[in-house]
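Commentary on secondary and tertiary structure
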Amino acid sequence: MTVIFERGFERTLSRLVADAKPGQNIEAWTFDDRQSRREAEITLAEKGVRARIRSAYKPLLHAFLEEISLEGVEAIEIHYPVHPNAPENRFRLEAYPLAAMVGDRKIGFIARSDGEFHYDVLLKTAADGERLVKVLVPNRVHIDAAGETSVSPTGWFIAEDGAAGAHFTTDYQTLFEDAIEAVTHHEWGTAEPYFGELNIRVALPATDEALPVGDEVMSLREALHEDFYFSLLEFFQKKSGRPLGDRGLKPGQIVPEIIQSSGDISIRIETRPLSSGFSDGAQQQIEAAQEPLAAQQIETELAAVGGLSFEAATRSRRMVRARYIEGNDAAVMISGGQHANETTGGAGALRAARRLAGLEGAHFTVSPLENPDGYALHQRLRKDNPRHMHHAARYTALGDDLEYRTPANASPHLYEKEIRFQAERLSGALLHVNLHGYPSHEWTRPLSGYVPRNFAMWTLPKGFFLIARYHAGWEVQAEQLLDKVTKHLNTIPGLLDYNNRQIALYEIHAGETGFRIINGFPCLASVDDRHTVPMTLITEYPDETIYGVAFVAGHTAQMETVLSAYSAWQGIMAVS
């Protein structure tokens, strides 16, 4: 174990209170939760200072939650800034999910290209006509940790009425920047992986605020986890000579743990050995499982499927286990858990496998937990906050996306990826149904441009959708498969309505999805020769952080997709 960086930080709110002079009127924007900001305002008032302390994170949404009255308002028109160094819809995205929080009032977004960081909010009433509210959205243009130009939220301070104000660096920003500098200046050597676990443990006094829309929550701690994880991936990508976003990088397991404190702010960064084993978990009735299954239950349920057992070892020596049911049907490979924080695929794969195993002639493989190292990390991180996305658990203990691991770049071991090659050799399958998920609430990186770099299409939920990737010459079969599967999904009660609600909100805040709609369901289809199996059907359910009945609905949709794809494939291959 090696400690790389350790430090405590003065809280920005404490400094504002200490520095303010009686008689002042001040305004500030900081990265703090609502209660902490209100308490600081009260303390300042007792000192004779009139203060308004606003949120630097999602300031428009906070303005509607804390300051703007909608009484009598019938329509809202928001003129949002556009900056040349940010995506055109960046500040429209940052207003999410406002459109779902204003009742039945009409709301519209109009781009404003003057480059000034503020929203003009027109509140339209029958009695008074229009009322204009200007909402400052402090941002700075800077070079971020990846060496890219970003437009990011920042602290802001106005010392007297009518002044323009100025940027200042908050505790939240200082902690992040100092930590990134410490990691980037450490001597890591030249051979991947560079470490077992790189642990970034932060104590931060920020309370999450749930919103009355789906699974949405404003969380400075979750946002910091995401910014640390992906910023450090980007650093190691550049260090290795890879392009940003390269998923073959194998730095080791990067683990930000952002813990709520009672008031102190501190960080400790250290390397640790890899963990092994799994946390205990309660057994659930799989058809009605309310949360991700315990790893031991996944093994038990998998064994009950029967057939031939096969396995592969991970870097930490955990095992990826799978089953092969041999029959006369056209074979199908079924997998889940490639990205271990995408939680519904494993349960959906097991439920489908149980049903398929009872069919005469059934012919399939199933590997419901392809990334057990990531899954163990997800179990560990969920104990602190089950509502966070925890993308640190997305990849393997090597730090790579196992799908991008090939015999050519896997030296010296394929580890988890070997399970797919074994499944293909055993079954001869020409179709792989690969169950995935994505965030069920907004995903942001506020200190690195707000919109997650290389993952912009995933920043907001937009319903359950399908992706078909196929070899050249397999387009006809891909179109047939998408048609048959989406027709079946259309029969699942509530699923289409659920999709339509999410897509409508997405389009207001982000614009067109870019999907093709087949039988009511969004789909993407393209030629892709990266996979050795000629046809891959990928599911994408917005499942990160969902529980209870929402989790049941998610793994039911995954199961139904597998069953319908298996059935459709038999007909497609019979005439091919």
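Shown above is the structure to which this text applies.
Residues numbered from 1 in each chain as written. Predicted model: local features only at pLDDT ≥ 70, side-chain atom pairs only at ≥ 80, totals over all residues. Heavy atoms only, no water.

Remarks on the sheet that holds strand 2 (residues 25-30)
A sheet is described by the order of its strands in space; here four strands give the open sequence 3-2-10-11, paired in mixed fashion. What marks the edges here is a single partner per strand, and that holds for strand 3 (50-55) and strand 11 (166-168). On average, adjacent strands in this sheet sit at an angle of 20° to one another, irrespective of strand direction. Two elements, strand 2 and strand 3, share six bridges in a ladder whose sense is parallel. By the bridge assignment for strand 3, A28 is matched with I53. Where helix 1 (residues 12-19) meets the sheet, it contacts strand 2, strand 3, strand 10 (155-158) and strand 11, and its direction lies at approximately 170° from that of strand 2. (Pairing = 2+ DSSP bridges. Helix = DSSP H or I, 4+ residues; strand = E, 2+ residues; numbered from the N terminus. Axes fitted to C-alpha atoms, helices over the stretch in contact; angles between N-to-C directions. Contact = heavy atoms within 4.5 Å.)

Details of the layout of surface pockets
Its volume calculated, the largest pocket comes out at about 500 Å³. Within the residue set of the lining of the largest pocket, elements represented by two or more residues are helix 12 (495-510), strand 25 (535-544) and helix 13 (548-574). Taken together, the residues that form the lining of the largest pocket break down as 15 nonpolar, five polar and three charged. (1 Å grid on protein atoms, 1.4 Å probe; cavity = no way out; pocket = protein on both sides within 12 Å on 5 of 7 lines; lining within 4 Å. Points joined across faces, edges and corners; volume = space filled by probe spheres on them. Nonpolar A, V, L, I, M, F, W, Y, C, P; charged D, E, K, R; others polar.)

Digging into the pattern of salt bridges
Tallying each qualifying case throughout the model produces 56 salt bridges. Put simply, E197 and R380 hold a salt bridge, and the shortest N to O gap is 2.8 Å. Of this pair, E197 sits in strand 12 (residues 197-204) while R380 is found in helix 9 (residues 372-382), placing the two residues 183 residues apart along the sequence. Between R530 and E403 there is a salt bridge, with the nearest N and O atoms lying 2.7 Å from each other. Of this pair, R530 sits in the loop between strand 24 (521-527) and strand 25 while E403 sits in the loop between helix 9 and helix 10 (418-427), and the two are 127 residues apart along the sequence. (Salt bridge = Lys/Arg side-chain N within 4 Å of Asp/Glu carboxyl O.)

Quick notes on the packing of helix 7 (residues 295-305) against helix 8 (residues 344-356)
Running from N to C, helix 7 and helix 8 cross one another at 20°; their axes reach a closest spacing of 9 Å. In terms of orientation, helix 7 and helix 8 fall into the roughly parallel class. Relative to helix 8, helix 7 is oriented so that their crossing is left-handed. Counting all contacts with helix 7, which are made through I298, E301, L302 and V305, the residues of helix 8 involved are L350, A353 and R354. (Parallel < 35°, antiparallel > 145°, perpendicular 65-115°, else oblique. Left-handed = near helix turned anticlockwise from the far one by under 90°.)

Topic: the sheet that holds strand 18 (residues 319-325)
One open sheet holds the nine strands; their spatial order is 17-18-20-19-21-25-22-24-23, and the pairing between them is mixed. Among the strands making up the open sheet, the edge pair consists of strand 17 (308-313) and strand 23 (516-518). Each neighbouring strand pair of the sheet contributes to a mean axis angle of 25°, computed without reference to strand direction. As paired strands, strand 18 and strand 20 (residues 364-367) are joined by three bridges and run antiparallel to one another. Residue pairing in the sheet places Y324 in a bridge with T365 of strand 20. In the packing of helix 10 onto the sheet, the strands contacted are strand 17, strand 18, strand 19 (332-336), strand 20 and strand 21 (431-439), and the crossing angle to strand 17 comes to about 150°. Against the sheet, helix 11 (residues 475-489) makes contact with strand 21, strand 22 (465-470), strand 23, strand 24 and strand 25, and its axis sits at roughly 165° relative to strand 22, the strand it touches most.

Shape descriptors only; they carry no functional weight alone.
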